[in-house]
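# Close look at the chain arrangement
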Amino acid sequence: MKKIFVSALCLVTLTWACQKEEEKVKPEVQKSSQLTAEEQQVADRMGAAISLNDFQQMKEEFKKSVGSEDTRAVAYGKTVLEQVLSQKGCVGIRFYFAKDKEGKTTLVFIGVDKNGNDITAPVNAKTTDGAPQTGGGGPLCPRNC
């Protein structure tokens, strides 16, 4: 019985310690992603949610205008999107059409500040080498749809 009690106490203590460690990390992440009121107003004007029906119609219209092997979409994960959005002063993301190493059309992206400028200055960067965080290299559709 004593061994069970000691094991349970150790488990509770370990769980509590892990939760406290998580709390130390979380405020930094939340703090870096918060926007000023002015930045929030700009971010709120950058695009809008659209209905699924409108999305599907727009997608189909575009599909009619390109060849069957042309890029129709590029996917990006939450991790890289959050890395770009978490930069100091970042209120949105701008996507650019680009060509990958194989010559296929793709999208690359960069953070945008409250003045509508791409974040290119190292002073606003949060990467270890001092460069701004950008994104690219997402899987292309039709290959990966």
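Starting afresh in each chain, residues are numbered from 1 along the sequence in its written order. Only residues with pLDDT of at least 70 get local features here, since the model is predicted, and only at 80 or more are side-chain atom pairs given and counted; chain-wide, interface and lining totals rely on the full set of residues. To obtain the side-chain values, all non-hydrogen atoms of the structure were included, while hydrogens and water were left out.

## Things to note about the confidence of the model for the protein
Heads up, the rule is: What pLDDT reports is the predictor's confidence in each residue, on a scale of 0 through 100. Helix numbers and strand numbers start at the N terminus; a helix is a DSSP run of H or I with at least 4 residues, a strand a run of E with at least 2. Throughout, a residue-residue contact means that at least one pair of heavy atoms, one from each residue, lies within 4.5 Å.
Taken as a whole, the protein shows an average pLDDT of 79; of its residues, 71% reach a score of 70 or greater. The least confident element of the protein, judged by mean pLDDT, is helix α1 (residues 2-33) at 40; the most confident is strand β2 (residues 92-99) at 97. For the stretch residues 1-32, pLDDT sits under 50, and the model shows two contacts to residues farther than four places along the chain or on other chains.

## Focus: a nonpolar patch on the surface
Basically, it comes down to this: Patches were defined on residues exceeding 30% relative accessible area and lacking a salt bridge, with like-charge contacts within 9 Å and nonpolar side-chain contacts (Val, Leu, Ile, Met, Phe, Trp, Tyr) within 5 Å. The method behind every accessible area is Shrake-Rupley, applied with a 1.4 Å probe, and residues are considered shielded solely by the protein chains displayed. Salt bridges, as used here, are contacts in which a Lys or Arg side-chain nitrogen is within 4 Å of a carboxyl oxygen on Asp or Glu. Burial here depends on accessible area, computed with a 1.4 Å probe over protein chains only, as a share of the maximum for the residue type. Under 20% is buried, over 50% is exposed, and the range in between is partly exposed.
Among the surface-exposed residues, Ile 50, Leu 52, Phe 55 and Met 58 lie close enough to one another that they form a single nonpolar patch of about 430 Å² accessible area. Its place among the elements puts Met 58 in helix α3 (residues 52-64). A relative accessible area of 54% places Met 58 in the exposed class.

## Some remarks on the packing of aromatic side chains
How we decide: Stacked, tilted and edge-to-face are the three classes applied to pairs of Phe, Tyr and Trp rings, where Trp contributes its six-membered ring and a pair requires centres within 6.5 Å; stacked means planes under 30 degrees apart, edge-to-face means over 60, and tilted covers the rest.
Counting across every chain of the model gives two aromatic pairs. Relative to Phe 109, the ring of Tyr 76 lies with its centre 4.7 Å away and its plane at 80 degrees, an arrangement referred to as edge-to-face. On the criterion of sequence distance, the pair formed by Tyr 76 in the loop between β1 (73-74) and α4 (78-85) and Phe 109 in strand β3 (residues 105-112) is long-range, its members being 33 residues apart. Both residues of the pair, Tyr 76 and Phe 109, count as buried. Overall, Phe 109 belongs to the buried group, its relative accessible area being 2%. What links up through ring pairs into an aromatic cluster is the set Tyr 76, Phe 95 and Phe 109.

## A short note on the sheet that holds β2
Using the following cut-off: Note: two strands are recorded as paired if DSSP finds a minimum of 2 bridges between them.
As summarised here, the arrangement of the three strands in space is β2-β3-β4, forming an open sheet in which the pairing is antiparallel. Where the open sheet ends on each side, the last strands, each with one partner, are β2 and β4 (134-135).

## Overview of the side chain of Thr 106
For Thr 106, the location among the structural elements is in strand β3. Looking at Thr 106, the relative accessible area reads 9%, which means it is buried. Excluding anything up to four places from it in sequence, Thr 106 contacts Val 74, Tyr 76, Tyr 96, Phe 97, Ala 98, Lys 99, Asp 100 and Leu 140.

## A word on helix α2 (residues 37-44)
Note: α-helices contain 3.6 residues per turn, so residues at a spacing of three or four share the same orientation. How we decide: Taking the helix axis as origin, the arc is that swept by the directions to the C-beta atoms.
If you check which residues of α2 are buried, you get Glu 39, Val 42 and Ala 43. Buried residues of α2 fall within an arc of 100 degrees about the axis and therefore sit on the same side. Exposed and facing more than 90 degrees away from the buried side of α2 are Ala 37, Gln 41 and Asp 44.

## Points about the pattern of salt bridges
Within the structure shown, the criterion is met by five salt bridges. Its salt-bridge partner being Glu 61, residue Lys 64 comes within 3.0 Å of it at the nearest N-O pair. Separated by three residues within a single helix, Lys 64 and Glu 61 lie in helix α3, roughly one turn from each other. Of the two residues, Lys 64 and Glu 61, neither departs from the other in class, the shared state being exposed. When the shortest N-O distance is used, the salt bridge between Glu 102 and Arg 143 registers 3.1 Å. Note that Glu 102 is positioned in the loop between β2 and β3 and Arg 143 in the segment after β5 (140-141), a separation of 41 residues in sequence.

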